[in-house]
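Read off the chains here:
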Amino acid sequence: RTRLAELAERARRQAGEDEAAIFAAHQLLVDDPELDGQVRQAITAEGRTAAAAVAGATEAFAAMLEQLDDDYLRGRAADIRDVGRQLLAALLGVPLDLAPEEPSVIVAHDLAPSDTARWPREKVLGLVTEAGGATSHVAILARGAGVPAVAGVAGVLEAVAPGTRLVVDGSAGRVVVDPSSQRQEAVRQALAARAARVEALAALRDLPAVTLDGRRIELAVNIGKPEDIAAAEPFGPEGVGLFRTEFLFLDRSRPPGEEEQWQAYVAAVRALKGRRLVLRTLDVGADKRLPFIDWPEEMNPALGWRGARLGLERPDLLQAQLRAALRAAAEGPVSVMFPMVATVDEVRRLRRAVEEAAAGLERDGLPWGRVEVGIMVETPAAALSARVLAAEVDFFSIGTNDLTQYTLAVDRTSQRVAALYDPLHPAVLRLILEVGRAAEAAGIWAGVCGELGGDPLAAPFLVGAGLHELSMHPRALPEVKRVIRGIRYEEARALADELVTLAGGSEVRRRLRAFLEEAGLDVEG
Ligand code: PEP
Ligand code: MG
């Protein structure tokens, strides 16, 4: 436990709260009564040594998780093995510290989170593993600490001998073995350019995102839990544009009550100190299923019972969440937004649900605050009806992730058709433009909270479409701000009108690159 507490502390310093939480979870595993019971049983009933008992129990637990269907839970097998290995090392009195002596790229079949956190950051130039994927904890830790990492490289241990030079390109997910001297020089130059860019971006932290001709854009961040706000502060967010509240509901057998939700929401409001929190109501269904909901059999769950559709039929869940949100709004600005809306009728019913929650709180004599009520625009129907819907809501936030999948009829979770998934397809852009213009005509604000909002290449289009707010992963913020500060709104407007007429996504990209080049801006990737 002491060692895990130290690791948590080090991870907090080197990477952040998210990363420290991994070791807090490991501490829970050490205390897990099930695991503890099995170890005791093996010692007392089967006469095993403590070390054998720990090895057997953790391996059995990990093997059981590996059988599950859920990617996330399968990934946790590595955590259990990590805890087992550390217990073993403590029991046997052997050191676990395999830190490299010289700054090195680490190549391994798999890495335990404790390895990655224990090694001094300056000794690890990069990580390459055969196992794992983007959601493994090693990947999360590497991302948090800014270490380039590529996971899931089959056969790399065979192909690479100790001492080999490697280029680890975490952004492209590529490993180059034995690079030529020109390649090495190119990489050195790219790294120097990036370092200079990071420094220049840090200087932008407290400057507003405003175009050369004075159009102000609000740059916000997407979060999954209140603690993410503190981690985002170094990037200078002006608010939270999307709080995905699902996190409170996942991995549990019963839904969180109003009180627990209120605590999470008010924590976010307090952390924001007067900046706006856009809270999205529970968006489950499709690929996110909760054990305490009775799911229908559906051939196409992404087109099925999800988002606000589910909320409207489960007033118990919706009311608890809305009451918690309204109570949090007593302490700072909160906007509530509903996912997966397609019709005006839904919006009216959802607004009534908000009024009902307010009336209930009033009756109960609890403090609450007024909230803006908006919708995510993530169905083509909502985008095409934006002019009608604008009269019913206070704001729009475009969910380009789902809007792209529904517009192009390309499942966002399918690897097989991933090449067809393109948020810069002119058809998607045309819908975004329509939403921007409709919001403008109605005098309400509109933003983007899908991944496209954090794409610096897309920024001229989104600004030109008349959007007022872009919400994104915190690390994307400085680069998007740099682009906005280098372009003219008037030119971006003309560009947006032109882009929707182009033939395809590649034409759109080419035109956007040319636009940025003319503005003297270069964009990575
Ligand atoms: C979206 O669809 O663009 C979005 C922001 O929501 P999510 O990714 O959570 O579906
Ligand atoms: Mg969505």
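Description of the structure in this document. (Residues numbered from 1 in each chain as written. Chains lettered and ligands numbered in written order. Predicted model: local features only at pLDDT ≥ 70, side-chain atom pairs only at ≥ 80, totals over all residues. Heavy atoms only, no water.)

Observations concerning the packing of aromatic side chains
Stage number 1. Enumeration according to the criterion identifies four aromatic pairs in this entry.
Stage number 2. Judged by centre distance (5.9 Å) and plane angle (90°), the rings of F243 and Y265 are edge-to-face. In this pair, F243 is assigned in strand 8 (residues 239–244) and Y265 in helix 11 (residues 258–272), connecting sequence segments 22 residues apart.
Stage number 3. Assessed through its relative accessible area of 0%, Y265 is described here as buried.
Stage number 4. Taken together, the ring pairs in this structure connect F243, F247 and Y265 into an aromatic cluster.
Stage number 5. The ring centre of W445 lies 4.0 Å from the NZ or CZ of R276, which sits over that ring.
Stage number 6. Above the plane of the ring of W262 lies R327, whose end atom (NZ or CZ) is 4.9 Å from the centre. (Phe/Tyr/Trp six-rings, centres within 6.5 Å; stacked < 30°, edge-to-face > 60°. Helix = DSSP H or I, 4+ residues; strand = E, 2+ residues; numbered from the N terminus. Buried < 20%, exposed > 50% of the residue type's maximum accessible area, 1.4 Å probe, protein only. Lys NZ or Arg CZ within 6 Å of the ring centre and 35° of its normal.)

Details of the packing of helix 13 (residues 315–328) against helix 14 (residues 344–364)
Stage number 1. The N-to-C vectors of helix 13 and helix 14 enclose an angle of 65°; their axes lie 9 Å apart at closest approach. The handedness of the crossing between helix 13 and helix 14 comes out as right-handed. Together, L318, Q319, L322, R323, L326 and R327 of helix 13 and L350, A353, V354, E356, A357, A358, G360, L361 and D364 of helix 14 make up the contact between the two elements.
Stage number 2. Considered class by class, the residues forming the contact of helix 13 with helix 14 number nine nonpolar, two polar and four charged. (Axes fitted to C-alpha atoms, helices over the stretch in contact; angles between N-to-C directions. Left-handed = near helix turned anticlockwise from the far one by under 90°. Contact = heavy atoms within 4.5 Å. Nonpolar A, V, L, I, M, F, W, Y, C, P; charged D, E, K, R; others polar.)

Looking at helix 9 (residues 181–202)
Stage number 1. Given a rise of 1.5 Å per residue, 22 residues ought to cover 32 Å, and the 32 Å separating the end C-alpha atoms of helix 9 matches this to within 8%.
Stage number 2. Listing the buried residues of helix 9 in full gives Q184, R197 and L201. All buried residues of helix 9 project into a common sector of 145° when viewed along the axis, lining one side. In helix 9, the exposed positions angled more than 90 degrees off the buried face are occupied by S181, Q182, Q189 and E199. (Expected span 1.5 Å × (residues − 1). Arc of directions from axis to C-beta.)

Some thoughts on the pattern of salt bridges
Stage number 1. Taken as a whole and judged by the stated rule, the model has 40 salt bridges.
Stage number 2. For D283, the salt bridge is made with R306, and the minimal N-O distance between the two is 3.4 Å. With D283 in the loop between strand 9 (276–280) and helix 12 (307–313) and R306 in the loop between strand 9 and helix 12, this residue pair connects regions lying 23 residues apart in the sequence. Side by side, D283 and R306 carry an identical accessibility label, which is buried.
Stage number 3. In this structure, a network of salt bridges that share partners links the residues E246, R280, D283, K288, R306, D402 and R412. (Salt bridge = Lys/Arg side-chain N within 4 Å of Asp/Glu carboxyl O.)

Some thoughts on the coordination of the magnesium ion (ligand 2)
Stage number 1. Binding of the magnesium ion (ligand 2) to the protein goes through E378 (OE) and D402 (OD), at separations of 2.1 to 2.2 Å. Highlighted residues: E378 in the loop between strand 11 (372–377) and helix 15 (380–384) and D402 in helix 17 (residues 400–408), separated in sequence by 24 residues.
Stage number 2. Using a relative accessible area of 2% as the deciding quantity, one classes E378 as buried.
Stage number 3. Its relative accessible area of 4% is what places D402 among the buried residues. (Donors = N, O, S within 2.8 Å, 3.2 Å for Na, K, Ca; no water.)

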